[in-house]
Amino acid sequence: GQNIDQPTEMTATEGAIVQINCTYQTSGFNGLFWYQQHAGEAPTFLSYNVLDGLEEKGRFSSFLSRSKGYSYLLLKELQMKDSASYLCAVPFNAGNMLTFGGGTRLMVKP
Amino acid sequence: ETGVTQTPRHLVMGMTNKKSLKCEQHLGHNAMYWYKQSAKKPLELMFVYSLEERVENNSVPSRFSPECPNSSHLFLHLHTLQPEDSALYLCASSQDHGGPYGYTFGSGTRLTVV
């Protein structure tokens, strides 16, 4: 089966760095996705990791450790617009049907 | 239009009504999905279609009935719903269902059952 855990809520200050963790258990690993969802809007794709290590994309980076079943999303130079929910997801059935974690609601304060 | 479009954005319906949600994608994708997003719960996969054939039905009650007439359109027909079915219903598409391709989501239909 699939099990994905991430913190429910986090608060950080504008300009700071925040790390959002995700642990997963899955039979057959086929990569891990991160999505961003602003309130009342569609989730949007942020990153995809299938190999161990850090993938950097501007202010956002995503890390994966397959042996530990662990990923994190790192957000640098936080801006108020980064206040959103961040969803961790893994495919199951060796296909593309994604199972999502409950999401981490990030609040950025001035 | 580009991307994934869902209509209506908001829907209020009684428990005896019949309504349909519509999803349309203009990305040339072959797979489409329905997800349910309830407050404080993870996104739940409901249905998956690949090349207009249903490949996954995730134990969804029969009061939800999907239809995929072609690879660009996906419907969710609703009848005799319960108040606990109130949620945000998200449609998504991807290049294929058989590989790790990212989803493009629509903005969702906010459904309230009264």
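Every chain begins its residue count from 1, and numbering advances along the sequence as written. The naming scheme follows written order: chains are lettered A onward, ligands numbered 1 onward. Only residues with pLDDT of 70 or above have their local features reported here, since the model is predicted, and side-chain atom pairs are shown and tallied only from 80 upward, although totals for entire chains, interfaces and linings are computed over all residues. Calculation of side-chain values draws on the structure's entire complement of heavy atoms; hydrogens and water are dropped beforehand.

Draft legend 1. Here's a closer look at the overall build of chain A. Numbering goes from the N terminus for both helices and strands, where a helix is a DSSP run of H or I of at least four residues and a strand is a run of E of at least two. Looking only at helices and strands, chain A has zero helices and eleven strands in total. Sequence-ordered secondary structure for chain A, helices as α and strands as β, is β-β-β-β-β-β-β-β-β-β-β. Relative to the globule expectation of 13 Å for 110 residues, the C-alpha radius of gyration of chain A, 13 Å, shows essentially globular dimensions. Taking the principal axes of its C-alpha atoms as reference, chain A extends roughly 40 × 30 × 20 Å. Our radius of gyration looks at C-alpha atoms and nothing else; its globule reference is 2.2 Å times the residue count to the power 0.38.

Draft legend 2. Quick peek at the sheet that holds strand S3 (residues 18-25) of chain A. All names here are of chain A. With antiparallel pairing, the five strands of this open sheet are ordered in space as S1-S3-S8-S7-S6. Strand pairing shows two members of the sheet lacking a second neighbour, strand S1 (3-5) and strand S6 (53-57), which therefore form its edges. Averaged over all pairs of adjacent strands, the angle between strand axes in this sheet comes to 15°, irrespective of strand direction. Whether two strands pair depends on DSSP finding at least two bridges between them. For every element, the axis is a line fit to its C-alpha atoms; helices are fit only across the contacting stretch, and the angle between N-to-C directions ranges from 0 to 180 degrees.

Draft legend 3. Region of interest: the interface of chain B and chain A. Counting from both sides, the interface comprises 23 residues of chain B and, opposite them, 20 residues of chain A. What gets called buried area is simply the loss in accessible area from a 1.4 Å probe that two parts show on being joined, summed for both. Interface area for chain B against chain A, summed over the two sides, is near 1600 Å², with a carbon-plus-sulfur share of 58%. Any carboxyl oxygen of Asp or Glu within 4 Å of a side-chain nitrogen of Lys or Arg constitutes a salt bridge here. If you look at where chain B meets chain A, you find zero salt bridges. Between N or O atoms, a polar contact is any pair within 3.5 Å; within protein, one atom must be a potential hydrogen donor and the other a potential acceptor, and residues adjacent in sequence are included only when both atoms are from side chains. Applying the counting rule to chain B against chain A returns four residue pairs in polar contact (both at pLDDT 80 or more). Listing elements by their share of the side of chain B that touches chain A, those giving two or more residues are strand S4 (31-37), strand S5 (44-50) and strand S9 (87-94) of chain B. Gly is placed with the polar residues, together with every amino acid not listed as nonpolar (Ala, Val, Leu, Ile, Met, Phe, Trp, Tyr, Cys and Pro) or charged (Asp, Glu, Lys and Arg). Looking at the side of chain B that touches chain A residue by residue, the classes come out as twelve nonpolar, eight polar and three charged. Contacts are assigned to residue pairs that have any heavy atoms within 4.5 Å of one another.

Draft legend 4. Geometry of the nonpolar core. All names here are of chain B. Side-chain atoms within 4.5 Å link the members of a nonpolar core, which is a set of buried Ala, Val, Leu, Ile, Met, Phe, Trp, Tyr and Cys residues. Burial classes follow relative accessibility: with a 1.4 Å probe on protein chains only, a residue under 20% of its type's maximum area counts as buried, one over 50% as exposed, and anything between as partly exposed. Judged by nonpolar contacts, the single largest core of 22 residues is most densely connected at Trp34, Phe64, Leu76 and Leu78. Only strand S2 (10-13), strand S3 (18-25), S4, S5, strand S7 (64-70), strand S8 (73-79), S9 and strand S11 (109-113) provide two or more residues apiece to this core. Phe64 has contacts with Met46, Phe47, Leu76, His77, Leu78, Leu81, Asp85 and Tyr89, leaving out every residue within four places of it along the chain.

Draft legend 5. Looking closely at unusual backbone geometry. Residues and elements named next belong to chain B. Between Thr7 and the following residue, Pro8, the backbone shows a cis peptide bond with an omega angle of -10°. Relative to the assigned elements, Pro8 resides in the loop between strand S1 (4-7) and S2. Located in the positive-phi region is Thr80, a residue other than glycine, with phi close to 45°. Structurally, Thr80 is set in the loop between S8 and S9.

Draft legend 6. Up close: the state of the cysteines. Here, the term disulfide refers to a pair of cysteine sulfur atoms separated by no more than 2.5 Å. Per the counting criterion, the structure on display carries two disulfides over all chains. Here Cys22 of chain A engages in a disulfide with Cys88 of chain A; their sulfurs sit 2.0 Å apart. For the disulfide bridge between Cys22 of chain A and Cys88 of chain A, the dihedral angle about the S-S bond is near -70°, and by the sign convention the bridge is left-handed. Linking Cys22 of chain A in strand S3 with Cys88 of chain A in strand S9 (residues 84-92), this pair joins segments that are 66 residues apart in sequence. We note that Cys22 of chain A, like Cys88 of chain A, is buried. The disulfide partner of Cys23 of chain B is Cys91 of chain B, and the S-S distance across this bridge is 1.9 Å. The disulfide joining Cys23 of chain B to Cys91 of chain B has a torsion of about -75° about its S-S bond and is therefore left-handed. Here Cys91 of chain B lies in strand S9 and Cys23 of chain B lies in strand S3, a separation of 68 residues in the sequence. One exposure class covers both Cys23 of chain B and Cys91 of chain B, and it is buried. Cysteine Cys68 of chain B remains unbridged, with the sulfur of Cys91 of chain B as its closest cysteine sulfur at 9.1 Å. Cys68 of chain B gets classed as buried once you look at its relative accessible area, which sits at 11%.

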